[in-house]
Structure formats: structure tokens, C-alpha cells
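A closer look at the structure
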Amino acid sequence: MLFKVAMTVRLPHDMPRAQADELKSTERAVAQQLQRDGTWRHLWRVAGRYANVSIFDVADADELHALLTALPLFPYMDIEVEALCRHPSSIHDDDR
Ligand SMILES: O=C(O)C[C@H]1C=CC(=O)O1
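Conventions adopted
- Residues numbered from 1 in each chain as written.
- Predicted model: local features only at pLDDT ≥ 70, side-chain atom pairs only at ≥ 80, totals over all residues.
- Heavy atoms only, no water.
- UniProt positions renumbered as here; feature names shortened; annotations may be inferred.
- Phe/Tyr/Trp six-rings, centres within 6.5 Å; stacked < 30°, edge-to-face > 60°.
- Helix = DSSP H or I, 4+ residues; strand = E, 2+ residues; numbered from the N terminus.
- Buried < 20%, exposed > 50% of the residue type's maximum accessible area, 1.4 Å probe, protein only.
- Near = heavy atom within 4 Å.
- Polar contact = N/O pair within 3.5 Å; in protein donor to acceptor, adjacent residues only side chain to side chain.
- Areas by Shrake-Rupley, 256 points an atom, 1.4 Å probe, with all protein chains shown as cover.
- Pairing = 2+ DSSP bridges.
- Axes fitted to C-alpha atoms, helices over the stretch in contact; angles between N-to-C directions.

The protein is annotated in an unreviewed UniProt entry as Muconolactone Delta-isomerase of Massilia cellulosiltytica. Looking at the protein in UniProt, the text filed under Sequence similarities (unreviewed entry) is "Belongs to the muconolactone Delta-isomerase family." The Pathway (unreviewed entry) field of the UniProt record for the protein holds the comment "Aromatic compound metabolism; beta-ketoadipate pathway; 5-oxo-4,5-dihydro-2-furylacetate from catechol: step 3/3."

Here it is as C-alpha cells:
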């Protein structure tokens, strides 16, 4: 099942730089592993914002919830999720 996920990162302004850098580094490792696994299908930066739009390929909403809440930056992100289904005019057979 595909989901569009929009994440906006809101780190506290008073978070020490070292802590923020550590969180971002851990998040990057997790995100890249999930991409290698094929679970995090797309990861796009939203121009001009500390935000991304992503496509996840998971079994169901429960799996997505578990994955998102385990992200190191989860406590500092606003997340919006939308379920996707196949468009009848799509010519791609991998968009399911
Ligand atoms: O930078 C972000 O958009 C937040 C998060 C998502 C992937 C990652 O490495 O960090």
C-alpha cells in the first residue's frame, strides 16, 4: 500500500547543536536504510522549507504508523499522511 507522507521538521530553537546534529545523522541512516529496503520509495525536499514529501510502500497503516513513530526526528515533526490508490490513467504498473 502506498502512502504520501508530508513531514515538517520543527527542532526547538534552544536544542544544542550537537544534539540536533546527532538526531539528523541518525535519522539519515534510518531513512537511507528504509530506502534501500524499498519501503521509503521517494524522498523529496520541499524547496525553501525544512520539510519533505515522501512515498512509503508498506502493508498497511499500522506498519506506516510504527515506522513513522520510530523515526528519530518523530518527536520534532508535524506529519500528514494520505493513502494513495492507483490512478486509472496511469501507464505505470508499479504504482500500487
Ligand atoms: O530532513 C528531513 O526532511 C527530515 C527527515 C527525513 C529524512 C531525513 O533524513 O530526515
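On we go.
Here we come to the packing of aromatic side chains. A complete count under the given rule lists one aromatic pair for this structure. With a centroid separation of 4.6 Å and an interplanar angle of 35°, the aromatic rings of Trp 40 and Phe 56 are classed as tilted. Within this pair, whereas Trp 40 is found in strand β2 (residues 40-45), its partner Phe 56 is found in strand β3 (residues 51-57), the two being separated by 16 residues in sequence. The residues Trp 40 and Phe 56 share a single accessibility class, namely buried.

In the region of the ligand, the neighbouring residues are Val 9, Glu 27, Arg 28, Ala 31, Trp 40, Leu 43, Arg 45, Tyr 50, Asn 52 and Leu 73. Side-chain polar atom of Arg 45 to an oxygen atom of the ligand: 2.6 Å apart, as the coordinates give it. Asn 52 is positioned with one of its side-chain polar atoms (N or O) 2.9 Å from an oxygen atom of the ligand. Protein chains bury 88% of the 280 Å² of accessible surface belonging to the ligand in isolation. Within the residue set of the shell around the ligand, elements represented by two or more residues are α1 (17-37) and β2.

Another aspect to go through is the sheet that holds β2. Ordered in space as β2-β3-β1-β4, the four strands form an open sheet in which the pairing is antiparallel. The open sheet has two edge strands with one neighbour each: β2 and β4 (77-84). Strand-to-strand, the axes of this sheet are offset by a mean angle of 15°, without reference to chain direction. Bridge analysis of β2 against β3 gives five bridges, and the strand direction is antiparallel.

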